[in-house]
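As a plain string of letters, each chain reads:
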Amino acid sequence: MCGIVGYIGSKEKKSIILSGLKELEYRGYDSSGIATMSGEKIDCFKAVGKLSNLEEKTKNFTSDGFGVAIGHTRWATHGKPTEINAHPHLGEYSFVTHNGIIENYQEIKDELEKDGVNFLSQTDTEVIVHLFEKFNEELKDPFKAFEKTISKLVGSYAILIISKAAGDTIFFAKNAVPMIIGQDDNGEVFFSSSDAPLIGYVKDVVYLDDKMYGYAKKGVVEIYKNHKTIKPQKHALPTDRSYAQKEGFRFFMEKEIYEQSTVATETMMGRVKNGTIKFDEISPEIFDGIDEIVLCACGTSYHAALTASYLFERVAKIRTKVEIASEFRYKEPFLNKNSLFIVVSQSGETADTLEALKIAKDAGLKTLAICNVDNSSMVRLAGNVILTRAGIEKGVASTKAFTTQVMTLWMVVLYLANLRKILSNDELKNETKALLNLPKVLEVDPKLHEKIRRISKHYLHGHGFFFIGRDVFYPLALEGALKLKEISYLHAEGYASGEMKHGPIALVDEGLFTIALLPKNTLYEKTKSNVEEIAARDGFVLAISPLEFELSDDFIKTSEQEHFMSEFFEMMVVLQLFALEISIRLGNDVDMPRNLAKSVTVE
Ligand code: G6P
């Protein structure tokens, strides 16, 4: 997830773009860039790392007088976070910035290369600017060329193009990622990925809908959809910047819970296609001779790994182990040369996981990092990498990163199962259908959120929580308990439902809360019996299930899903919101809980 800004007017363009990007830094910042154009004069600057690096690079540059400008802060999905891969991307006489993923970029790139176009970057974005220039040469009309360019793109995009072919204009298009346009009283035009950069410049804005595109000049904003002009509704801008950064949510964690549906789409883009799984970034050979998967991680990422272990064994029929990185390091592990060693990490910097990766690599094992941050230490070290594409995660308690980790690992499982012909075409199709349904499953229903907010008041006292589940709902129970303890500071444990009778049930009384995950598709009756044992001992039970459970004290009804992983993700959202609402009621700082850090780079 990246951020873009654009401006048409006579103010100092560099400052407007840089201050806009500053407001968008929360969207991701592995590199950034800016392009300004006044008449025939084009300037472009790019820098790797934080925005301050771009500020430093442009400190002696000014861009006075009327002109157009675009800027970008990037979170890498295709190509390393290098200067070359940073936006804006240059054609011969035009620049483009883009958020999202162009799914069919490889096809377009191949065709353009046949025409003799040279590509500088490894990004999907660069095809846009070359395609635009190609069509402009053909049509001799920059707007028609832009319209034709957009019609060729498959995927998600918020695009801004500036070009010497139309020096006073910005061309824009939006599909599946946000784009906002505002105009001030003098007709100056501002573009952004979210409200925050526009506050103070314009009073109201237009939130573009999917498939809208158009062009803007000073005093003119023309918006089209399906070749027809649109007169969209204007909305007043909020006035509070920090509120706007959180896009109206109270906390980044809440925003990130709501974002899961969108990032799920990004995670799958270009990877789940025509009933099968494809990864451009790995080659099938990494599985040659592999007879075991070893997953290694910490914290929430460990829970994602544990979830995946069930899928690897059940679906891909391969022996799978899961290791807590801090334990693995010192246990003198007996390593099997035929293992694929997979580290799972949001940050790619967690010291324990990084050290474990080094041990595996030194022992000659093939390695794969499932990571959210390109160019992180693990990404640089691992033999193979798949990025999870969650965008920057600000809340210390991980939510959307976990979702994309589980999804990515599930895709790896299916990739391997397909490679080894373990699944029939129909079975694989069924699995990919379930994957593609996840953006819908992950959408937060406001009624459900309100219900969780209301019942959260029942859980502020008592002496602790058990989260219980079976199969993949066991790691989910661990994750639910971790979320709650991280941000509410209440004592919570996750347990495999069947283990309760082997000790923990001794703690059950009316002051103990049990959060029971009762999916319909996985061992319902077995888990139900475990919960009945708790209810019989007067424990307070919150049942989360699509099926009514008469013995529960509170009940959250989930949907009837066909696939157990759909139930998994729906229940995951319930658990995240549950932890969030309890923490808010307790008056805690949800985004920065005490004693915790987002990335733990010490042992
Ligand atoms: C810290 C964070 C956790 C995270 C864990 C692993 O403890 O507070 O939320 O799950 O590190 O981080 P990683 O970046 O490796 O996924």
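Note that this is a predicted model, so its numbers are computed, not measured. Residue numbers run consecutively from 1 along every chain, following the written order of its sequence. Local features are withheld for residues below a pLDDT of 70 in this predicted model, meaning they are given only at 70 or higher, and side-chain atom pairs are given and counted only at 80 or more; totals for whole chains, interfaces and linings count all residues. Working from all heavy atoms in the structure, the side-chain values ignore hydrogens and water.

A. Summary view of a negative patch on the surface. What goes into a patch is any residue over 30% in relative accessible area without a salt bridge, connected to like charges within 9 Å or, for nonpolar side chains (Val, Leu, Ile, Met, Phe, Trp, Tyr), within 5 Å. For every accessible area listed, the method is Shrake-Rupley and the probe measures 1.4 Å; residues are considered covered only by the protein chains on display. Any carboxyl oxygen of Asp or Glu that lies within 4 Å of a side-chain nitrogen of Lys or Arg is treated as forming a salt bridge with it. Only four residue types enter the tally: Lys and Arg on the positive side, Asp and Glu on the negative side, with His and both chain ends excluded. For charged residues, the charge sits on one atom: NZ in Lys, CZ in Arg, CG in Asp, CD in Glu. Together, E107, D110, E111 and E113 give the surface a local cluster of negative charge. Each helix is a run of H or I in the DSSP string that is no shorter than four residues. Each strand is a run of E no shorter than two, and both are numbered from the N terminus. Among the structural elements, E107 can be located in helix α3 (residues 105-114). Only protein chains enter the accessibility calculation, which uses a 1.4 Å probe; a residue is then buried when its area is under 20% of its type maximum, exposed when over 50%, and partly exposed in between. A relative accessible area of 47% places E107 in the partly exposed class.

B. Expanded view of the domain arrangement of the protein. Partitioning the protein into domains gives domain 1 (3-245), domain 2 (252-440) and domain 3 (446-585). The start and end points of each domain follow an automatic or database-based domain assignment. Relative to domain 3, the C-alpha centre of domain 1 lies at a distance of 45 Å.

C. A look at the pairing of strand β26 (residues 540-545). Most of β26 is tucked away: 5 of the 6 residues are buried. Across 5 bridges, the pairing between strand β25 (residues 512-517) and β26 is parallel. Bridging across to β26, T514 finds its partner in V541. Whether a crossover is right-handed depends on one test, that the path from the first strand over the helix to the second runs clockwise when the strands point away from the viewer. Viewed along the sheet, the connection from β25 through helix α17 (residues 524-536) into β26 turns out right-handed. At least two bridges found by DSSP between two strands are what make those strands a pair. When β26 meets strand β27 (residues 554-557), the two strands line up parallel, connected through 4 bridges. Directly across from I544, in β27, lies its bridge partner I556.

D. Fine view of the sheet that holds strand β15 (residues 235-236). Pairing in this open sheet of 8 strands is antiparallel, and the strands run β3-β2-β4-β1-β10-β9-β11-β15 from one edge to the other. Of all the strands in the sheet, the pair left with one neighbour each is β3 (41-48) and β15. Bridge analysis of strand β1 (residues 3-9) against strand β10 (residues 189-192) gives 4 bridges, and the strand direction is antiparallel. From the neighbouring strand, Y7 faces β10, where its bridge partner is F190. The contact definition used throughout considers only heavy atoms, calling two residues in contact when any of these lie within 4.5 Å. Every axis corresponds to a line fitted to the C-alpha atoms, with the helix fit spanning only the stretch in contact, and the corresponding angles, defined between N-to-C directions, vary from 0 to 180 degrees. On top of the sheet, helix α1 (residues 13-24) reaches β1, β2 (31-38), β4 (67-74) and β10; it is set at about 155° to β1, its chief contact.

E. Geometry of empty space enclosed by the protein. Buriedness of a pocket was judged along seven lines, with at least five required to meet protein on both sides within 12 Å; pockets are open sets of points on a 1 Å grid over the protein atoms alone, cavities are sets where a 1.4 Å probe fits but cannot get out, and lining residues have an atom within 4 Å of a point. Grid points are joined across faces, edges and corners, and a volume is the space filled by probe spheres set on the points. On inspection of all chains with the given rule, the structure shows 4 cavities of 30 Å³ or more. Residue lining of the largest cavity: 13 residues in total, with C2, R74, T77, H87 and G100 positioned closest to the centre. Only β4 and β6 (94-102) provide two or more residues apiece to the lining of the largest cavity. Three residue categories are used. Nonpolar comprises Ala, Val, Leu, Ile, Met, Phe, Trp, Tyr, Cys and Pro, charged comprises Asp, Glu, Lys and Arg, and polar comprises the others, including Gly. When its residues are assigned to classes, the lining of the largest cavity shows 3 nonpolar, 8 polar and 2 charged.

F. Focus on the packing of helix α12 (residues 400-419) against helix α13 (residues 425-436). Contact geometry of α12 with α13 gives a least axis separation of 11 Å together with a crossing angle of 170°. By the angle class used here, α12 and α13 are roughly antiparallel. Judged by the sense of rotation from one axis to the other, the crossing of α12 with α13 is left-handed. Contacts between α12 and α13 involve M407, W410, M411, L414 and N418 from the first element and L428, E431, A434 and L435 from the second. Oblique is the label for every angle not falling under 35 degrees (roughly parallel), over 145 degrees (roughly antiparallel), or within 65 to 115 degrees (roughly perpendicular). Handedness of a crossing is defined here by the sense of rotation of the near helix relative to the far one, left-handed for an anticlockwise turn of less than a right angle and right-handed for a clockwise turn.

G. Quick look at the UniProt feature "domain: SIS" (unreviewed entry) in the protein. UniProt positions are given in the numbering used here, feature names are shortened, and annotations may be inferred rather than shown by experiment. Residues given the UniProt feature "domain: SIS" (unreviewed entry) here are residues 282-422 and 455-593. As a span, residues 282-422 carries 42% helix and 21% strand, and end to end its C-alpha atoms are 20 Å apart. Across residues 455-593, helical content stands at 37% and strand content at 19%; the span's end C-alpha atoms are separated by 22 Å.

H. Spatial organisation of the nonpolar core. Residues grouped as a nonpolar core are buried Ala, Val, Leu, Ile, Met, Phe, Trp, Tyr and Cys residues, joined through side-chain atoms within 4.5 Å. Core analysis: the largest hydrophobic core is formed by 89 residues, its most contacted members being L295, F312, I342, L435, F465, F467 and F569. With 14 residues, the top contributor of residues to this core is helix α18 (residues 564-585). Lining this core are residues from two domains, each supplying at least three of them: domain 2 (252-440) and domain 3 (446-585). Contact partners of F569, with chain neighbours within four places excluded, come to T403, V406, M407, W410, L438, V441 and L442. With 26 residues, the next largest nonpolar core counts V96, F135, I150 and Y213 among its residues.

I. Broad picture of the UniProt feature "active site" (unreviewed entry) in the protein. Per the UniProt annotation, the sites labelled "active site" (unreviewed entry) are C2 and K598. From the list above, the largest cavity is lined by C2. Here C2 is to be found in the segment before β1. Taking the relative accessible area as the measure of exposure, C2 reaches 8% and is therefore buried. The residue K598 is located in the segment after α18 in this model.

J. Region of the structure containing the site of the ligand. Residues in close proximity to the ligand total 13 residues, the closest being S301, S345, Q346, S347 and T350. The contact in question runs from an oxygen atom of the ligand to an N or O atom on the backbone of T300, over 3.0 Å. With the chains in place, 90% of the 390 Å² that the ligand exposes on its own is no longer accessible. With 3 residues, the single largest contributor to the shell around the ligand is helix α8 (residues 299-316). Considered class by class, the residues forming the shell around the ligand number 4 nonpolar, 7 polar and 2 charged. Residues are labelled near a given molecule or strand when at least one of their non-hydrogen atoms is within 4 Å of it. Residues adjacent in sequence count toward polar contacts only when both atoms are side-chain atoms; beyond that, a polar contact is any pair of N or O atoms within 3.5 Å, and within protein one must be able to donate a hydrogen and the other to accept it.

K. Quick peek at the sheet that holds strand β12 (residues 212-217). If you trace the 7 strands from one edge of the open sheet to the other, you get β5-β6-β7-β8-β12-β13-β14, paired in antiparallel fashion. At either margin of the open sheet sits one strand with a lone partner, and together these are β5 (89-90) and β14 (228-230). Here β5 runs beside β6; their pairing, made up of 2 bridges, is antiparallel. If you follow H89 over to β6, its bridge partner there is V96.

L. The pattern of salt bridges, seen in detail. In the structure shown here, the tally under the stated rule is 32 salt bridges. With its nearest N and O atoms 3.4 Å apart, the salt bridge here joins K22 to E25. Residue class for K22 comes out partly exposed when judged on its relative accessible area of 41%.

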